[in-house]
Amino acid sequence: MSIESLDPDEVSAADILGSAIERREDPALVTGTGEYTDDLQFNNTAHMAVKRSQYGNARIESVDTSEAEEMPGVVGVYTHDDLWSDDTPGGGSFELPVGWLLPSLNNVSHPILVDDHARYQGDAIAVVIAENRYQAQDALDGIDVSYERQDAVTSPGEALEDGAPQLHDDAEGNVAFDWEIGDEEKTADAFDSAAHTVSTDIENQLLIANAMEPRAAVARYNSGTDELEVFMTSQNPHLHRLLMSGVIGQPEHKLRIKAPEVGGGFGSKIHHYADEALVAWCSKLLQRPVKWTATRSETYLTDAPGRGHETTAELAMDDTGRITGLRVDTKANLGAYLSTFAPAVPTYLYGTLLSGQYDIPAIYGHVTGAYTNVPPVDAYRGAGRPEASFLVERLMYLGAKEMGMDQAEFRRHNFVPNDKFPYETQVAVVYDSGDYEKPMDKALELVDYENFRQRQEEAREEGKYLGIGFSCYIEACGLAPSELAGQLGAQAGLWESSLVRFHPSGTVTAHCGTSGHGQGHETTYAQIVANELGVDYDDVEVVEGDTDEIPHGMGTYGSRSAAVGGSSLVMSARKLVDKAKEIAAHQLEADPDDIEFEAGEFQVAGAPDRSIGIQAVAQQAYLAHDIPEGMEPGLEATSFYDPDNFVFPFGTHVAIVEVDPESGEITFEKYAAVDDVGNQINPKIVEGQIHGGVAQGVGQAMYEGAEYDDNGTLMTGSMQDYAVPKAEHVPEMETESTVTPSPHNPLGVKGVGEAGTIAAPQAIVNAVADALEPFGVDGVEMPMSAENVWQAVQDNTAAD
Ligand code: MCN
């Protein structure tokens, strides 16, 4: 069932919040009038190209730029030494900073141009600036780099072994950190006294985000004012402004970061990369606009990949099938250097979700972060939470099999019961609200579970192998509060800021510090503000993604925008209404305490004929001829909203597949997704986010994976080799929802942007395992290509 989009004109003002109105951002995007970074044209723009290491691990003996400097159109060629030269703008660290510090963190230097050691294929060695893009690209061939190749290591497990190639002198054994969560002793006791245990080894493969628009930046320096504008593909302009100001030495208040349309990010445009800093620095140096747009190949080589875990996971149960303990040991790939949020992803964003939807009395998680010769690894849609959810649900599959219990019943048997919310897990978080039976019930109905096992049996008799897979996932998003994040190592707050401003004519601009790049914020934020102020939806304009237009902000990632940004807008709107109420009371000659506000009208209590609309009040606020004495004119309000807790969306996804054991082909018969994201601002957008998220989860389960050879050379560096699912590969989905509001934000919302990606892979892997049970297969490594599936069948058949 697909939700029908509604024309906002056909939705009453009272229903605007919660209605599936069509996305207002789409006409520009689908008619080609959306303006992306690479579309921007400034006079006298020069173009940047980056000379990158062709090897995964190599000492740089020399870099000779003389030939490139003489090539047509070349304006300049710059290497590491130029960053610190007296002739070039200085004051910056020229090192990429880390935004999350763990107590055991072994941080390493990460210069924006390498000095004498390139640590991954694609590491930036030099930049060329030329009159046009082609000349810049051609001149890269004129740079002669003399390399001394070294052995490379790309898997975290191998990087942590004795004798592995060492990436950094100051990171012994390639250890970036050693981190733990939960209670080791209590968990060991649980395993010692368990009636049953299961364990599994999991490789959660490295994924590349593959946003539609490659990373891009255009910088424009004004030497008269010392102002530097950088237009770039950013998920968080304010954070980029803060970080870049330190990297290149440009004062924060003289640096503007603006994100034009951004063609998807999926996490890869949160972090601060070398390229954008180099564009900005070169613009300042040359005092002219400089532009860089990554080629698709550069995207594959340098965008921060995500996941990359090697894990052993174990589950302990009593003889009734109640889980008594869960233990996890993970080696996490961090790549060659620490990316901006890298330390948080395989630790707090992962370890805190190891309880899943289950009431588990003892949990212990141990994570070792490893430096390897791949690009710096960071957040990719879900970031830590898919890895946790995957292993929990794989263990649940194996646990049910071990106990001889039905998959759904085994899960129900262990769900956190409703009377335990708010539920404090053994891994440091408190789930705000939940009702895990409901999505399970709906999902079972959608797939007609009652009749499935019989159908499966009959199909097997005909040589057809059907399987069903469950994923009862939980996710933590709307990351906050700042104080807690600070205690855990965050180097920034996790609040969100907004400004809601009435114009004298009665229209409204809502500014928010989040920075949408495909999620439909212009629509949903307008719904929130129109509802709060009681004005027409079309009278509200939404502004995001520009540090000059919004006082402050923390950006869009971690499915935080609705819960934190949306709530901030509510707070600003409510502050604004408070002021408007005083003006209304003055105009109506009544006490403010006697004024009621509903649907955009201020009314004297009990006197319906004495009222004034909020848009008329706005006009009065700017006329300022007749407002309360001492009140400032104008009608706008700003707020910084810092939530009390994360929000914890959840749901049940169920996949039914048919697997051909002879070819290894997997065919979807059904995919049911029942998600609970609290109150929904716009059910159509929620549905779209689930669809997109599941598509990426299908990608991980069946197609995607970054593969490196022994030299650290990327073997999957193009769309021919790195398989992103096409429309025909994504199953028809039946989506439904349940609603368990978050109790601690004013909208009662939970995030949805990552839910599908977190939920899907394990539903599909479990379904394939279930289908192949007759062959003794209890799991297939991702991506489950036909070859991997076939091989799993062969391995087990051979073992028999
Ligand atoms: N929403 C809603 N009701 C809710 C929750 C959310 O109507 N209960 C709406 C929101 O108002 C917003 C959208 O759903 O319009 C997503 O909201 P939210 O879950 O808060 O997530 P964010 O807006 O913070 O988006 C971030 C999230 C992440 S982390 C990744 S990765 C991701 C994703 O969003 N990347 C995307 N979705 C993406 N969608 C597109 N098109 N492109 C990406 O790069």
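Worth saying up front: this structure is predicted, and the values here are computed from it rather than measured. (Residues numbered from 1 in each chain as written. Predicted model: local features only at pLDDT ≥ 70, side-chain atom pairs only at ≥ 80, totals over all residues.)

Student: Would you mind going over the nonpolar core with me for this structure?
Tutor: A general trend in soluble globular proteins is that nonpolar side chains are found buried together. Within the largest apolar cluster, 249 residues are counted, with the highest numbers of intra-cluster contacts made by Met48, Val127, Val128, Ile129, Val529, Ile764 and Val768. Ranked by residue count, the leading element in this core is helix α17 (residues 561-588), at twelve residues. Inspection of this core shows a minimum of three residues originating in each of domain 1 (432-476 + 645-800) and domain 2 (495-641). Not counting residues up to four positions away in its chain, the partners in contact with Val768 are Gly467, Val657, Val659, Ile666, Val780, Met784 and Val789. (Core = buried A, V, L, I, M, F, W, Y, C linked by C-beta atoms within 7 Å. Buried ≥ 20, exposed ≤ 12 C-beta atoms within 10 Å, placed from the backbone. Helix = DSSP H or I, 4+ residues; strand = E, 2+ residues; numbered from the N terminus. Domains from an automatic or database assignment. Contact = placed C-beta atoms within 7 Å.)

Student: What is the right way to look at unusual backbone geometry in this model?
Tutor: The phi angle of most residues is negative, glycine excepted, and most peptide bonds adopt the trans form. The linkage connecting Phe421 with the following residue, Pro422, adopts the cis geometry, with an omega of -5 degrees. Along the chain, Pro422 falls in the loop between α12 (407-414) and β16 (423-424). Cis geometry marks the peptide bond from Met782 to Pro783, where omega comes out at -5 degrees. Assignment of secondary structure puts Pro783 in the loop between α20 (755-771) and α21 (786-799). The phi dihedral of Phe94 falls on the positive side, at around 55 degrees, and the residue is not glycine. Positionally, Phe94 belongs in the loop between α3 (80-83) and β4 (117-118). In this structure, Glu589 takes a positive phi of about 55 degrees despite not being glycine. Tracing the chain through its elements places Glu589 in the loop between α17 and β22 (595-598). Classification of Glu589 by C-beta neighbours within 10 Å gives exposed; the count is 8.

Student: Just checking my understanding: could you explain the packing of α17 against helix α18 (residues 614-623) for this structure?
Tutor: Between two packed helices, the angle of one axis relative to the other and the distance separating the axes together describe the packing. The N-to-C vectors of α17 and α18 enclose an angle of 90 degrees; their axes lie 10 Å apart at closest approach. In terms of orientation, α17 and α18 fall into the roughly perpendicular class. Counting all contacts with α17, which are made through Ala580, Ile583, Ala584 and Gln587, the residues of α18 involved are Ile614, Val617, Gln620 and Ala621. Class assignment for the residues of the contact of α17 with α18 results in six nonpolar, two polar and no charged. (Axes fitted to C-alpha atoms, helices over the stretch in contact; angles between N-to-C directions. Parallel < 35°, antiparallel > 145°, perpendicular 65-115°, else oblique. Nonpolar A, V, L, I, M, F, W, Y, C, P; charged D, E, K, R; others polar.)

Student: I keep staring at the domain arrangement of the protein chain and nothing clicks. Help me out?
Tutor: Accessible area lost during the coming together of the parts is what is often quoted as the interface size. The assigned domain composition of the protein chain is domain 1 (432-476 + 645-800) and domain 2 (495-641). Averaged C-alpha coordinates put domain 1 and domain 2 at centres separated by 41 Å. Between domain 1 and domain 2, the contact holds 15 residues from the first and 13 residues from the second. The residue makeup of the side of domain 1 that touches domain 2, split by class, is seven nonpolar, six polar and two charged.

Student: Sorry, what's going on with the site of the ligand here?
Tutor: Around the ligand there are 37 residues in total, and Gly518, Thr524, Ser561, Ile681 and Gly753 lie nearest to it. A domain split of the shell around the ligand shows at least three residues from each of domain 1 (432-476 + 645-800) and domain 2 (495-641). (Near = placed C-beta within 6 Å.)

Student: Is there a simple way to explain the packing of helix α7 (residues 237-248) against helix α8 (residues 274-286) in this structure?
Tutor: Where α7 meets α8, the closest approach of the two axes is 10 Å, and the angle between their N-to-C directions is 60 degrees. In terms of orientation, α7 lies oblique with respect to α8. Taken as a pair, α7 and α8 cross one another with a handedness that is right-handed. Only Ala277, Ala280 and Trp281 of α8 make contact with α7, whose side of the interface consists of Met244, Val247 and Ile248. Grouping the constituent residues of the contact of α7 with α8 by class yields six nonpolar, no polar and no charged. (Left-handed = near helix turned anticlockwise from the far one by under 90°.)

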